[in-house]
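# Analysis of the macromolecular model
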Protein chains: 2
Amino acid sequence: MKECNAPIGVFDSGVGGLTVAREIIRQLPNESVVYFGDTARVPYGSKSRDTIIRYSRQIIHFLRTKNVKAIVIACNTASAFALDTIEKELEIPVIGVVKPGAKTAVETTKNKRIGVIGTEGTIRSALYTEYIQSIDPTIEVVGKACPLFCPLVEEGMLHDPVTDEIAARYLKDLQDENIDSLILGCTHYPLLRGTVAKIMGSGVHLVNPAYETALELGRLLQQKQICAEDGGKVEHAFYVSDAEEKFKDFANSIMPFQIELIEQIQIESY
Amino acid sequence: MKECNAPIGVFDSGVGGLTVAREIIRQLPNESVVYFGDTARVPYGSKSRDTIIRYSRQIIHFLRTKNVKAIVIACNTASAFALDTIEKELEIPVIGVVKPGAKTAVETTKNKRIGVIGTEGTIRSALYTEYIQSIDPTIEVVGKACPLFCPLVEEGMLHDPVTDEIAARYLKDLQDENIDSLILGCTHYPLLRGTVAKIMGSGVHLVNPAYETALELGRLLQQKQICAEDGGKVEHAFYVSDAEEKFKDFANSIMPFQIELIEQIQIESY
């Protein structure tokens, strides 16, 4: 197989990264995706840097057995903790979700006040703040953890008065912060975009890192001249580290096509 | 140290098992407890049997370094998946939370219709059903998964209209099932007992496996003649596999004394 027709490796701690895979498939329809969800070790948000780097290395080792031509870390925690280390160890391109989202927010904000919502791990580690301020130290970043958003999304309660009520409570603090851009800093959150947009109002621009990451990947493939050829065979494959059932239900509820083949692998042996 | 004055090892995937530790400390005030919460790998509910057995073995290996005289698996998933295997590998007594709760429900029910609420893993695996029907095959068991209860409890939303609304939805099906006993089949749920009792009404007896497990442990220690001596030193210790802050806040909100010492350990190395 020609290198350019090789698949893109995408990984996350679980199902959330499917929102990134979905954007890649939508924006780059010639590309094939090999997705890995580390459902046996989910969530990553509360784990240490060393652990996350070790897990990421194992996953990349697995993805490389599928001959991927590039890797997307579709997980906020792993992007923050492992990207810089992994990048140096690989000769194929690798990108994460944090930098593309942060960069767009920096370009978007006019009043230099950016909000970030995410898991407790993402907000506590201030990973978006750090990257945003490395680009422009005069920008203020306000973070807010929304721990119930992931379970609500995984319960399928995307359009529900309870979710609206929880969102209203979480976002109340941010409404008083005069931000003009808000990063959806968890891969589950694009599925709650409508709810968040309604509460924050039209004065706040929502940044979806999944969307920005797919854009960035497209640019990168072009620059490296490894875009898949038109009319080539497009095949997506899905792997998980724990039982595949629950993954399948969630995946099929958000992907634009029916996923039949999901394989469970023993990630610790990679 | 005399064996009888050695501590009881108690473990769970996270903070939920503290409701069991609390009951043990309340009912058996001479006993010391060594608690381990696997906060780096929480939740267990969605993980496979093999993974749970492997994790449980590591934890027991760690607890034994603290010279525990008995082990309580204060986690429904691990009790269901790992107890039988672990029991054969250990020469000290080990009990789980499933059997004591199920036994009490069997003794309590008059119309032979028992309800069980728990995580998706607990309900899908039908572990209570299996054990109840092994005692009395004529009993009907109706299960209902309540996936948002744990995150709501961990957010501290014990008395909140949102929690009432979610509970009302989850329990609606059970209200039509004519059950007379309901097992709170997740260690977090005793903290929502008031909410569940109000919805189910006085005709439904709520079974709290944490309470029944502490009773069972007391009987077992007496039978083996390893009860701690009156007037001995009582010390409780708490360990977690991830950052201790969040655990501390939750623990101190539900335990009858202030916990200061919580130590983080690297569980994967056991």
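In what follows, the structure referred to is the one given above.
Now for a quick tour of the structure. Here the structure is a predicted model, which is why all the values come from computation and not from measurement.

### Focus: the overall build of chain A
Counting its regular elements, chain A contains eleven helices and ten strands. For chain A, the C-alpha radius of gyration of 18 Å lies close to 18 Å, the compact-globule estimate for 270 residues. Overall size of chain A, expressed as C-alpha extent along the three principal axes, is 55 × 40 × 40 Å. Sorting the 270 residues of chain A into buried and exposed places 57% on the buried side. Here the contacts in chain A between residues at least 6 apart in sequence split such that 76% fall between residues at least 24 apart.

### Let's talk about the relation of the copies chain B and chain A
The operation relating chain B to chain A is a screw motion whose rotation component is 178°, with 1.2 Å of axial translation and a residual RMSD of 0.4 Å. Expressed as a symmetry operation, the mapping of one chain copy onto the other fits a two-fold axis. Here 100% of the contact residues of chain B are again contact residues in chain A; the copies associate through an equivalent surface.

### Considerations on unusual backbone geometry
Cis peptide bonds are those with omega within 30 degrees of zero, and the linkage from Val42(A) to Pro43(A) qualifies with -5°. You can see Pro43(A) is positioned in the loop between β2 (33-37) and α2 (49-64). The backbone of Asn178(A) shows a phi angle near 55°, a positive value even though the residue is not glycine. If you check the backbone angles, Gln225(B) has positive phi at about 55° while not being a glycine.

### Re the pairing of strand β7 (residues 181-184) of chain A
Residues and elements named next belong to chain A. What you see with β7 is no split at all: Ser-181 and Ile-183 on one side and Leu-182 and Leu-184 on the other are buried throughout. In this structure, strand β5 (residues 113-118) lies alongside β7, joined through four bridges in parallel fashion. Paired with Val-116 across the strands is Ile-183, a residue of β7. Where β7 lies against strand β8 (residues 205-207), three bridges are found, and the strand directions are parallel. In the strand pairing of β8, Leu-182 is matched with Leu-206. Between the parallel elements β7 and β8, the chain passes through helix α9 (residues 193-200) in a crossover that is right-handed.

### Points about the packing of aromatic side chains
How two aromatic rings sit relative to each other is set out by the distance from centre to centre and by the angle between their planes. Residue and element names in this part refer to chain A. The full count for this structure, using the stated rule, is 16 aromatic pairs over all chains. Their ring planes at 45° and their centres at 5.7 Å tell us that Tyr-44 and Tyr-55 sit as a pair that is tilted. Remark: Tyr-55 occurs in helix α2 and Tyr-44 occurs in the loop between β2 and α2; sequence separation between them is eleven residues. Taking the relative accessible area as the measure of exposure, Tyr-44 reaches 1% and is therefore buried.

Cut-offs used in this document
Residues numbered from 1 in each chain as written. Chains lettered and ligands numbered in written order. Predicted model: local features only at pLDDT ≥ 70, side-chain atom pairs only at ≥ 80, totals over all residues. Heavy atoms only, no water. Helix = DSSP H or I, 4+ residues; strand = E, 2+ residues; numbered from the N terminus. Rg over C-alpha atoms; globule rule 2.2 N^0.38 Å. Buried < 20%, exposed > 50% of the residue type's maximum accessible area, 1.4 Å probe, protein only. Contact = heavy atoms within 4.5 Å. Least-squares fit on C-alpha atoms with pLDDT ≥ 70 in both. Pairing = 2+ DSSP bridges. Right-handed = clockwise from strand over helix to strand, strands pointing away. Phe/Tyr/Trp six-rings, centres within 6.5 Å; stacked < 30°, edge-to-face > 60°.

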